[in-house]
Amino acid sequence: MSRYGRTGQLVRLNLRRDRFRILMWILILAALMTSVAWKFEGIYGTPTEINAIKGTLASPGIVAMFGAFSFSGKVTTAEIFANEMLLFMGLIQVVMNLALSVHATRAEEDLGITELVRAHAVGTLAPLSAAAIELVLVNGLLGLLYGAGLTAANMPGATTQGNWLIGIGLAATGLLFGMLGLITAQVADHSSSATGLAYTLFGLSYLARMVTDVQHPKLTWWSPLGWVEKLAPYNDPTWQPVWLSLGLAFILLAIAFWANSHRDLGAGAITTRPGRKQASVFLRGPISLIWRRQRNVLIGWLVGIIIFGAAYGTVFNTIGDILKTNPTMQQVFGATMVHEANHSILVSFTALLAVVMAAVSVIPGMQLILKLHTDETRGWLEALYARPLSRTRLLFSYVGTAFVTSTLAYMGGLAGIVVMGDASLTHIKDGISASEFWQAVAAQLPEIWVFLALSVLLVGCWPRLKSLSWAYLALGFVSVYMGSLLKLPGWVKNLTPAGWMPRVPIHDVNWTTFSWMIGLALALVLIGWFGYRRRDLHMS
């Protein structure tokens, strides 16, 4: 047998296994891109609207969020669309590819499925080849749908070349990070570690893109995630980022094949460190077991979010320094008013980042809560329930750890923004005060807890619907991240907890809203707990 023998059969098997997962991603991404394109002329179709948003997109705060784009001549609706949507869609595309790549490789090994497949007349590299081909097919189909959807939308200023450059460029970006996921699946010895390593590298690429976009845009070429910005589809179409992405993707795939050929099945270059000969006195309950199993992932999330926040803080001195862009301001209005204006800009920027940071901080906690049902269905909890351990204690061990993790992640990320941001300022009084920091903490914690409580409700009462937690969180993130630029109506923003609290520290904390959100989170957790105690367990 060839080392790639039966790859075609495995591709068909993979597509059948992941058909619902792939269909969900394709429908969401293609529908999001196309629907926004169809709507965009109504949002930014007049010269007045375009000129107004053009200045906003050029501000350092928005550049940090969406990337640096250059405008020349008469700016069209299509150029504004590309500015707002390219990086945003690229981020979602990367998340999809990392999830698919690790699931198709390392997760299958963890479950023993790859071992069963390799026991047949199947080439040693066939499973990895099938995963790579699956990524090519999914990204290729999405690229075609993007190009066709944008062509059908026919935005003012759009060109056929630009439409297809966006589709192919996003497909190439997604494929690049999908191949990165295949490498981390070979390096790590567990799917959780592979996912964590992949997201770490993804985060570093995002941070490099953000910092260089704000301070040195030409250096953004050194970040693979920054290449999608350089497409300039409706201004100066450039295919170089596509060739760079595809070339690097091919190199990463070759490295993945080499690594796969030089390791044992189920092993990884980064191995789990052997434990102690005798267990610690602290390993006497489910909480310590959860910590022991998940500590690397949880610590990775905490450190990553803090670094993420600190990186955003480094652009404070660029965003909140009016004198850099208009040196005469101090002479006209005086130093006091200039510093107040700087402070207002930074407060506004921090208020937006606080909501985004809250949405990101929900992820590790939600993963841990949903893992309770995953561990249950895979039979990993049978040994625990065979002992005198109540469902209540086990449930709240997962839930309590999740709430603490997300809370610490948010506070650490926000502290990274404020501490690093204030340290970077020329005038410290322009920065965020301690009272404003704690107000931002108080404003966003109820949002985090409601999202987590909804996951507890679904796991406890309707575990088959647990994926709705991710869809609901994604809706909240999109409404916050893109809501203002897409001019979403207020009722859309109010569908999720992300829109219930006024922007703090721009506004004061609404303590009435704070109280009923805390009450709602508690009620959802209690209902989930009641349901978990009464429903049948799903042991494999």
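A word on helix 2 (residues 19-43)
Helix length check: helix 2, at 25 residues, gives a terminal C-alpha distance of 35 Å against a target of 36 Å (1.5 Å per residue), a fit within 8%. Taken together, the buried positions of helix 2 are Ile22, Trp25, Ile26, Leu29, Ala30, Leu32, Met33, Thr34, Val36, Ala37, Phe40 and Ile43.

Concerning the confidence of the model for the protein chain
Looking at the protein chain, pLDDT values average 82 and 89% of them are 70 or higher. Throughout residues 322-334 the model reports pLDDT below 50, and contacts reaching past four residues in sequence, or to other chains, amount to 14 contacts.

Focus: empty space enclosed by the protein
Regions of empty space are outlined by a rolling probe, equal in size to a water molecule, passed over the atoms. Taken as a whole and judged by the stated rule, the model has three cavities of 30 Å³ or more. One number sums up the size of the largest cavity: a volume of about 90 Å³. When contributions to the lining of the largest cavity are tallied by element, the ones reaching two or more residues are helix 7 (113-118) and helix 8 (126-153). Its residues assigned to classes, the lining of the largest cavity comprises four nonpolar, five polar and three charged. The set of elements that each furnish at least two residues to the lining of the second largest cavity consists of helix 12 (286-313) and helix 18 (391-424). Of all the elements, helix 12 adds the most residues to the lining of the second largest cavity, at five residues. Looking at the lining of the second largest cavity residue by residue, the class counts come to seven nonpolar, one polar and two charged.

What to know about the packing of aromatic side chains
Inspection of the entire model under this criterion finds eleven aromatic pairs. Geometrically, the ring pair formed by Tyr4 and Phe257 is edge-to-face, given 5.8 Å between the ring centres and 85° between the ring planes. Here the residue Tyr4 occupies a position in the segment before helix 1 (7-17), and Phe257 occupies one in helix 11 (residues 240-261), the gap between them amounting to 253 residues. Overall, Phe257 belongs to the buried group, its relative accessible area being 16%.

Describing a nonpolar patch on the surface
A cluster of nonpolar side chains, namely Trp291, Ile299, Val303 and Ile307, defines an oily patch on the protein surface of about 350 Å² accessible area. Residue Ile299 is classed as partly exposed on the basis of its relative accessible area of 40%.

Examining the side chain of Thr7
Within the element layout of this structure, Thr7 appears in helix 1. Excluding its chain neighbours within four sequence positions, the residues that come into contact with Thr7 are Ala126, Ser129, Ala130 and Ile133.

Points about the side chain of Thr401
Its location among the elements puts Thr401 in helix 18. There is a polar contact of 2.7 Å between the side chain of Thr401 and the backbone oxygen of Ser397. If sequence neighbours within four positions are ignored, Thr401 has contacts with Ile287, Ile290, Leu298, Leu368 and Phe396.

Brief notes about the pattern of salt bridges
By the definition in use, this model includes ten salt bridges. Of the charged contacts, one joins Asp375 and Lys371 as a salt bridge, the two residues approaching to 3.4 Å between their closest N and O atoms. With a gap of four residues between them, Asp375 and Lys371 both fall in helix 16 (residues 335-377), about one helical turn apart. Each member of the pair, Asp375 as well as Lys371, is classed as buried. Shared partners join several salt bridges into a network, and the residues in it are Arg17, Asp18, Glu108 and Glu134.

Remarks on helix 1
When we look at burial in helix 1, the residues that qualify are Thr7, Leu10, Val11 and Asn14. Along the long axis of helix 1, the arc covered by the buried residues comes to 105°, so they all point the same way. Opposite the packed face of helix 1, turned more than 90 degrees from it, sit the exposed residues Arg12 and Arg16. Against the buried residues of helix 1 lie helix 7 and helix 8.

Brief notes about the environment of Gln93
Secondary-structure assignment places Gln93 in helix 5 (residues 77-104). Looking at Gln93, the relative accessible area reads 0%, which means it is buried. Each C-alpha atom of the pair Gln93 and Asn139 lies 8.5 Å from the other, and the pair is 46 residues apart in sequence. Other than its neighbours up to four places away in sequence, Gln93 contacts Leu29, Asn139, Leu142, Tyr146, Leu170, Ala171 and Gly174. A polar contact of 3.2 Å, which involves the side chain of Gln93, links it to the side chain of Asn139.

Section: unusual backbone geometry
Look at Arg6: it is not a glycine, yet its phi comes out positive at around 65°. Mapped onto the elements, Arg6 comes out in the segment before helix 1. Among the residues examined, Arg6 registers a relative accessible area of 41% and is labelled partly exposed. The backbone phi angle of Ala232 is positive, close to 45°, even though this residue is not glycine. Along the chain, Ala232 falls in the loop between helix 10 (191-215) and helix 11.

Observations concerning the packing of helix 19 (residues 434-461) against helix 22 (residues 511-534)
Packing of helix 19 against helix 22 brings their axes to within 8 Å, and their N-to-C directions diverge by 20°. Accordingly, the angle class assigned to the pair helix 19 and helix 22 is roughly parallel. Viewed along their axes, helix 19 and helix 22 form a crossing whose handedness is left-handed. Packed against helix 19, whose contacting residues are Ala442, Pro446, Glu447, Trp449, Val450, Ala453, Leu454, Val456, Leu457, Val459, Gly460 and Cys461, the element helix 22 presents Trp511, Phe514, Met517, Ile518, Leu520, Ala521, Leu524, Val525, Ile527, Gly528, Gly531 and Tyr532 at the interface. A class-by-class count of the residues in the contact of helix 19 with helix 22 yields 20 nonpolar, three polar and one charged.

Quick word on the nonpolar core
With 139 residues, the main nonpolar core has Phe81, Met89, Leu182, Tyr312, Leu394 and Tyr410 as its most contacted residues. Here the element with the most residues in this core is helix 16; it accounts for 18 residues. Leu394 has contacts with Pro286, Leu372, Leu381, Leu384, Tyr385, Leu389 and Tyr532, leaving out every residue within four places of it along the chain.

Here's the deal with the packing of helix 10 against helix 12
Two numbers describe how helix 10 lies on helix 12: the axes approach to 11 Å, and their chain directions differ by 5°. The pairing of helix 10 with helix 12 is recorded here as roughly parallel in orientation. From helix 10, Ser192, Tyr206, Leu207, Met210 and Val211 reach across to helix 12, where they touch Val297, Ile307, Phe308, Ala311 and Tyr312. Partitioned by chemical class, the residues of the contact of helix 10 with helix 12 number nine nonpolar, one polar and no charged.

Thresholds applied
- Residues numbered from 1 in each chain as written.
- Predicted model: local features only at pLDDT ≥ 70, side-chain atom pairs only at ≥ 80, totals over all residues.
- Heavy atoms only, no water.
- Helix = DSSP H or I, 4+ residues; strand = E, 2+ residues; numbered from the N terminus.
- Expected span 1.5 Å × (residues − 1).
- Buried < 20%, exposed > 50% of the residue type's maximum accessible area, 1.4 Å probe, protein only.
- pLDDT = per-residue confidence, 0-100.
- Contact = heavy atoms within 4.5 Å.
- 1 Å grid on protein atoms, 1.4 Å probe; cavity = no way out; pocket = protein on both sides within 12 Å on 5 of 7 lines; lining within 4 Å.
- Points joined across faces, edges and corners; volume = space filled by probe spheres on them.
- Nonpolar A, V, L, I, M, F, W, Y, C, P; charged D, E, K, R; others polar.
- Phe/Tyr/Trp six-rings, centres within 6.5 Å; stacked < 30°, edge-to-face > 60°.
- Patch = residues over 30% accessible without salt bridge, like charges linked within 9 Å, V, L, I, M, F, W, Y side chains within 5 Å.
- Areas by Shrake-Rupley, 256 points an atom, 1.4 Å probe, with all protein chains shown as cover.
- Salt bridge = Lys/Arg side-chain N within 4 Å of Asp/Glu carboxyl O.
- Polar contact = N/O pair within 3.5 Å; in protein donor to acceptor, adjacent residues only side chain to side chain.
- Arc of directions from axis to C-beta.
- Axes fitted to C-alpha atoms, helices over the stretch in contact; angles between N-to-C directions.
- Parallel < 35°, antiparallel > 145°, perpendicular 65-115°, else oblique.
- Left-handed = near helix turned anticlockwise from the far one by under 90°.
- Core = buried A, V, L, I, M, F, W, Y, C linked by side-chain atoms within 4.5 Å.

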